[in-house]
Amino acid sequence: MDFGKYTGAGNDFVITDARWPDAEGSEVARHVCARATGVAADGLVLVWRMAADRVGVRFFNPDGSAFGTCGNGSRCAARFAVDRGLVSESPFLIETSDSEILAHVDIPADWVDLEYRMPVEVVRSIPVEGPFGPATGWLVSIGVPHFVVPLDSRPEGSIDEVCRKIRHDPALGPEGANVNLVALESRNRGAIRTFERGVEGETLACGSGAMASVFALRAAGMCEPGIDLRVMGGCDLRIRVPDEPHEDGDYRLNLAGPARHLFDGNFPEDQPGLGQVEPAGAG
C-alpha cells in the first residue's frame, strides 16, 4: 500500500489513493495506524478522484471504526489530493459521507481552508464531573458527537482518565462522544484539548471538535462567531460559524489551519489485513 503521512496541526494521518469497502478500510486501519507495528497515526484516510474538481474521502479510526466528519483529516486529504494531482485546480470539492466541502489549498504556506456545508445540532447541556469538579458541558452533533466542556483554564497533565469517564457517560448515548475541554482567553481566542473516541486517548488536534466547541460556546454566549483555538500540537485552528443555518437547513462554516506532508512510504502487502484490498477506483 503506497501512502503519504500528513499532519494537520498535530493530528496525523496515513492517506492513500484508494476506494475500498468499509470492511477492508477498517481492517487496514487497525494494522496501519498501530503505534508499535504499523506506521502510527490518528487515522487512515482514503482519497479518490471523482472528477477534475472533486475527490471522495473516507475516514477510519485506529480501532477500525469508520466515520464521516474529520476536520483535520479533510484538510490533510485536500493537501494530499493536490500533491498527488488528483485535482487540477484549487478550490475543489471534497465529498464525504456527511458533507460537501470546498477546499482552498495554499501549498507554499502549508495552509488549507475548508468551507463546510453540513447539518449541525447543539443537542443539550449536560452536567458532568470535570477535571476541576462539577461542570456543565454541551453535546453537539456535527457529523460525529462531541461533548464540549468550557473551563476557566486549560488543565495541565494527562486528561485521559477524566475524559474517558465523560466519554462513556450514559447521558451521551450508547456510543459516547468525543470530549473537548476549552478555556477562553477572550471572546475570539482560546485553547482546546480533545479526547477522541476510536483513538481512545488525547490527540494533538481535532478539527471537528474545534468546530463543535465554537457552536457550544456560542450557545453558552461565551464567544464571537469567529475564534482561533490553540491545539495541543502548538498551532491555531481558525473557525468561523454562523448563528443560523442556511435556508436549506445546513450550516456554512469555515475551518482553516496548517496541513503538512511529512513523508511517503509503502506498507508491505504481506502484512495482516492488506491481502484482500483493491487499488483505487476498484469499488
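Residues numbered from 1 in each chain as written. Predicted model: local features only at pLDDT ≥ 70, side-chain atom pairs only at ≥ 80, totals over all residues. Heavy atoms only, no water.

Novice: Can you help me understand helix α2 (residues 71–83) in this one?
Specialist: Think of an α-helix as turning once every 3.6 residues; residues three or four places apart then point the same way. Relative to the 18 Å expected for 13 residues at 1.5 Å per residue, α2 spans 19 Å between its end C-alpha atoms, a close match to the ideal helical length. With 11 of 13 residues buried, α2 lies mostly within the body of the structure. Among all positions in α2, only G71, N72, G73, S74, R75, C76, A77, A78, R79, F80 and A81 are buried. Downstream of α2 by one or two residues, G85 has phi in the positive range, about 70 degrees. (Helix = DSSP H or I, 4+ residues; strand = E, 2+ residues; numbered from the N terminus. Expected span 1.5 Å × (residues − 1). Buried < 20%, exposed > 50% of the residue type's maximum accessible area, 1.4 Å probe, protein only.)

Novice: Hey, could you run me through the environment of E115 in this one?
Specialist: Mapping E115 onto the fold places it in strand β8 (residues 111–118). Those residues in contact with E115, other than ones at most four positions away along the chain, are E100, I101, L102, H104, L253 and N254. At 2.6 Å, the side chain of E115 and the side chain of H104 are in polar contact. (Contact = heavy atoms within 4.5 Å. Polar contact = N/O pair within 3.5 Å; in protein donor to acceptor, adjacent residues only side chain to side chain.)

Novice: Whenever I open this one, the pattern of salt bridges confuses me. Can you help?
Specialist: Should the charged atoms of two oppositely charged side chains come close, the side chains can pair. For the structure shown, the criterion picks out 23 salt bridges. In this structure, E27 and R30 form a salt bridge, with 2.6 Å as the shortest nitrogen-oxygen distance. Of the two residues, E27 and R30 both sit in helix α1 (residues 22–32), three residues apart, roughly one turn of that helix. Assessed through its relative accessible area of 28%, E27 is described here as partly exposed. Linking E185 and R189 is a salt bridge whose minimum nitrogen-to-oxygen distance equals 3.6 Å. A relative accessible area of 58% places E185 in the exposed class. (Salt bridge = Lys/Arg side-chain N within 4 Å of Asp/Glu carboxyl O.)

Novice: How do you make sense of unusual backbone geometry when you look at a structure like this?
Specialist: Leave glycine aside and you will find that most residues have negative phi; peptide bonds, for their part, are mostly trans. Omega for the peptide link from S90 to P91 comes to 10 degrees, which places this bond in the cis form. Counting through the fold element by element, P91 comes out in the loop between α2 and β6 (92–95). Even without being glycine, A40 reaches a positive phi, approximately 80 degrees. Looking at the element boundaries, A40 is found in the loop between α1 and β3 (43–51). Of note, the phi angle at D110 is positive, near 50 degrees, even though the residue is not glycine. Note on placement: D110 falls in the loop between β7 (100–106) and β8.

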